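Structural overview for review
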Amino acid sequence: MMTILGIESSCDETSAAVVEEGIVLSNVVQGQIDVHAEYGGVVPELASRAHINNIYPVVSEALWRANRQAADLHAIAVTSGPGLIGGLLVGLTFGKGLALAVQKPLLGIHHMEGHLLSPFLRRPDEAASDCAFPFVALLVSGGHTWLLHAQAFGSYTLLGQTRDDAAGEAFDKGARLLGLNYPGGPAIAALAEGGDPQAIRFPRAWLDRQRFDFSFSGLKTALRTHLLHHPVDKDTQTARDIAASYQEALVEVLVEKSLAACRAVGSSRLLVAGGVGANQRLRQLLRQRAHPQLRIYAPPLAFCTDNGAMIALAGEERLRRGQLSDPSLTVRPRWPMAELATPELAANSHRQ
Ligand code: KG4
Ligand code: ZN
């Protein structure tokens, strides 16, 4: 039985979790909505300072809730990239210090590998997921939109990614245009609930049908243009229709490309994760349009958005394979997918 502490601080959530064999004993998430709300988005410098204030209480609480001591841990897994450099530095420096103090191995984890494994997490009273490799994964967050073929742990082929805005970014920017608060994804989803998704035909960028790349910047521009010509008051049916139509355009492309990718590689499993994976319309449309044979896996909402548990789980898998990080490990604010898939990842991850 391996007990892993996972630490996540790559964006605007300070999180720590204790995970044993995929079972989440604790998962503490301290968000920063109040810090960034007045700016309408994440301010990196303010995020770093909030992480500094939160990291110690969050890690202590995760250990306390799991009824574990730092000495009980088998390893400490920390998001070492990609993400905002200041936040990454806070998490990694803290993790390194703790690892040194309690003489435990340190694992630098790629944030997106955490998201990728998040559907395998479970609470103590839950049965293990029947999800298994290989599968196609749609990873949709504030910074990434990745469609990949995961053959096995550590063996991933990128099928497509966004050429401009990430799906979460498109939600966030659309929300700003609509005068909604940050974070925009949940705000648009809530407003869309009473709206007609067919009210306005926003453009869908299918790009090359043979490939699985995405583009969302045209959609954002279409919304801006629409609002210029048809100014709208908040809390009106028109606003709800626009939100629903915008969400529909975004989600439909994600759904169709994911299903096409499954057909192309002959996958009978599709996994959806990352903050935008929490979107209920995305999940609903996927289930509606998927072939009945396709199994769809998505984590509970708490494990979709950023959390330490997914980092701990990725750490557990790396530890099992002896892929420990070098003590000289440093953060990688940019960390391309191609360098995640290599088995020597952990040993080399400090090299830029
Ligand atoms: O994975 P995540 O928590 O952080 C990053 O790694 O970026 O994803 C955050 C993104 C934000 O853009 C947020 O607006 C979006 O996920 N998001 C949603 C929903 N919940 C969060 N987008 C659409 N619908 C949601 N329910
Ligand atoms: Zn994330």
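What counts as what
- Residues numbered from 1 in each chain as written.
- Chains lettered and ligands numbered in written order.
- Predicted model: local features only at pLDDT ≥ 70, side-chain atom pairs only at ≥ 80, totals over all residues.
- Heavy atoms only, no water.
- Helix = DSSP H or I, 4+ residues; strand = E, 2+ residues; numbered from the N terminus.
- Rg over C-alpha atoms; globule rule 2.2 N^0.38 Å.
- Buried < 20%, exposed > 50% of the residue type's maximum accessible area, 1.4 Å probe, protein only.
- Contact = heavy atoms within 4.5 Å.
- Areas by Shrake-Rupley, 256 points an atom, 1.4 Å probe, with all protein chains shown as cover.
- Lys, Arg positive; Asp, Glu negative; His and termini not counted.
- Charge placed at Lys NZ, Arg CZ, Asp CG, Glu CD.
- Phe/Tyr/Trp six-rings, centres within 6.5 Å; stacked < 30°, edge-to-face > 60°.
- Salt bridge = Lys/Arg side-chain N within 4 Å of Asp/Glu carboxyl O.
- Near = heavy atom within 4 Å.
- Polar contact = N/O pair within 3.5 Å; in protein donor to acceptor, adjacent residues only side chain to side chain.
- Nonpolar A, V, L, I, M, F, W, Y, C, P; charged D, E, K, R; others polar.
- Domains from an automatic or database assignment.
- Buried area = accessible area lost by both parts, 1.4 Å probe.
- Pairing = 2+ DSSP bridges.
- Axes fitted to C-alpha atoms, helices over the stretch in contact; angles between N-to-C directions.

So, the overall build of the chain
Within the chain, the secondary structure is distributed over twelve helices and ten strands. Here the chain has a C-alpha radius of gyration of 20 Å; the compact-globule value for 352 residues is 20 Å, and the two agree. Principal-axis analysis of the C-alpha atoms gives the chain an extent of 60 × 45 × 40 Å. Among the 352 residues that make up the chain, the fraction classed as buried is 54%. Pairs at least 24 residues apart make up 72% of the contacts formed inside the chain by residues separated by at least 6 positions. Summed over its atoms, the accessible surface of the chain is roughly 14,800 Å², and 52% of this surface lies on carbon and sulfur atoms. Side chains of the chain carry 32 positive and 34 negative charges; the gap between the two charge centres is 5 Å.

Focus on the packing of aromatic side chains
Applying the stated criterion across every chain, the model contains six aromatic pairs. When the centroid spacing of 6.0 Å and the interplanar angle of 25° are considered together, the rings of Phe-120 and Phe-133 count as stacked. Placement of Phe-120 in the loop between helix 4 (111-117) and strand 6 (135-140) and of Phe-133 in the loop between helix 4 and strand 6 is noted, with a sequence separation of 13 residues between them. For Phe-133, a relative accessible area of 25% corresponds to the partly exposed category. Taking the centre distance of 4.8 Å and the plane angle of 20° together, the rings of Phe-133 and Phe-135 count as stacked. Judged by its relative accessible area of 0%, Phe-135 falls in the buried class. One aromatic cluster in this structure is built from Phe-120, Phe-133 and Phe-135.

Looking at the pattern of salt bridges
Inspection of every chain in the model, using the stated rule, returns 18 salt bridges. Here Arg-211 ties to Asp-213 by a salt bridge, and the two come within 3.3 Å at their closest N and O atoms. For Arg-211, a relative accessible area of 43% gives the class partly exposed. A salt bridge links Arg-281 to Glu-248; its shortest N-O distance comes to 2.7 Å. In this pair, Arg-281 sits in helix 9 (residues 280-289) while Glu-248 sits in helix 8 (residues 237-265), placing the two residues 33 residues apart along the sequence. A cluster of three or more residues bridged by salt bridges with shared partners is formed by Asp-165, Glu-169, Lys-173 and Lys-220.

Regarding the site of ligand 1
Neighbouring ligand 1 are 17 residues; Gly-142, Asp-172, Gly-185, Asn-279 and Asp-306 lie closest to it. At 2.9 Å from an oxygen atom of ligand 1 is found a main-chain nitrogen or oxygen belonging to Gly-185. In this structure, Gly-275 approaches ligand 1 through a main-chain N or O atom, which is 3.0 Å from an oxygen atom. Protein burial of ligand 1: of its 550 Å² of free accessible surface, 88% is covered by the chains. In terms of residue class, the shell around ligand 1 is made up of four nonpolar, eleven polar and two charged. Viewed by domain, the shell around ligand 1 spans two of them, domain 1 (3-121 + 303-348) and domain 2 (135-298), each represented by three or more residues.

A few points about the domain arrangement of the chain
We note that the domain assignment places domain 1 (3-121 + 303-348) and domain 2 (135-298) within the chain. Here the C-alpha centroids of domain 1 and domain 2 sit 26 Å apart. Surface buried jointly by domain 1 and domain 2 totals about 2,100 Å² across both partners, of which 77% is contributed by carbon and sulfur atoms. Among the residues domain 1 hides against domain 2, the three largest losses belong to Met-112, Leu-116 and Met-337. Together they make up 32% of the total. The interface formed by domain 1 and domain 2 holds zero salt bridges in total. The tally of links between domain 1 and domain 2 comes to three residue pairs in polar contact (both at pLDDT 80 or more). Counting only elements with at least two residues in the side of domain 1 that touches domain 2, the list comes to helix 1 (33-36), helix 4 and helix 11 (308-320). Per-element tally for the side of domain 1 that touches domain 2: the top contributor is helix 4, with five residues.

Side note on the pairing of strand 3 (residues 23-31)
The side chains of a regular strand alternate between the sheet's two faces. Summarising the sheet, strand 2 (residues 13-20) and strand 3 pair through eight bridges and their orientation is antiparallel. Across the sheet, Ala-16 pairs through a bridge with Val-28, a residue of strand 3. Once strand 2 ends, the chain turns through two residues before running back antiparallel as strand 3, passing Glu-21 with a positive phi of about 50°.

Some remarks on the sheet that holds strand 6
Read across the sheet, five strands follow the order 8-7-6-9-10 without closing on themselves; strand pairing throughout is mixed. This sheet does not close on itself; its edge strands, each paired only once, are strand 8 (155-161) and strand 10 (295-297). The average angle at which neighbouring strand axes cross in this sheet is 25°, direction not considered. Pairing of strand 6 with strand 9 (residues 269-273) involves four bridges; the strand directions are parallel. Opposite Val-136, over in strand 9, you have Leu-270 as the bridge partner. Running at roughly 170° to strand 9, helix 9 makes contact with strand 6, strand 9 and strand 10 of the sheet.

So, the side chain of Asp-165
By secondary structure assignment, the location of Asp-165 is in the loop between strand 8 and helix 5 (167-177). Of the residues examined, Asp-165 reaches a relative accessible area of 6% and is grouped as buried. Side-chain polar atoms of Asp-165 contact the side chain of Lys-173, separated by 3.2 Å. Separated by 3.0 Å, the side chains of Asp-165 and Lys-220 make a polar contact.

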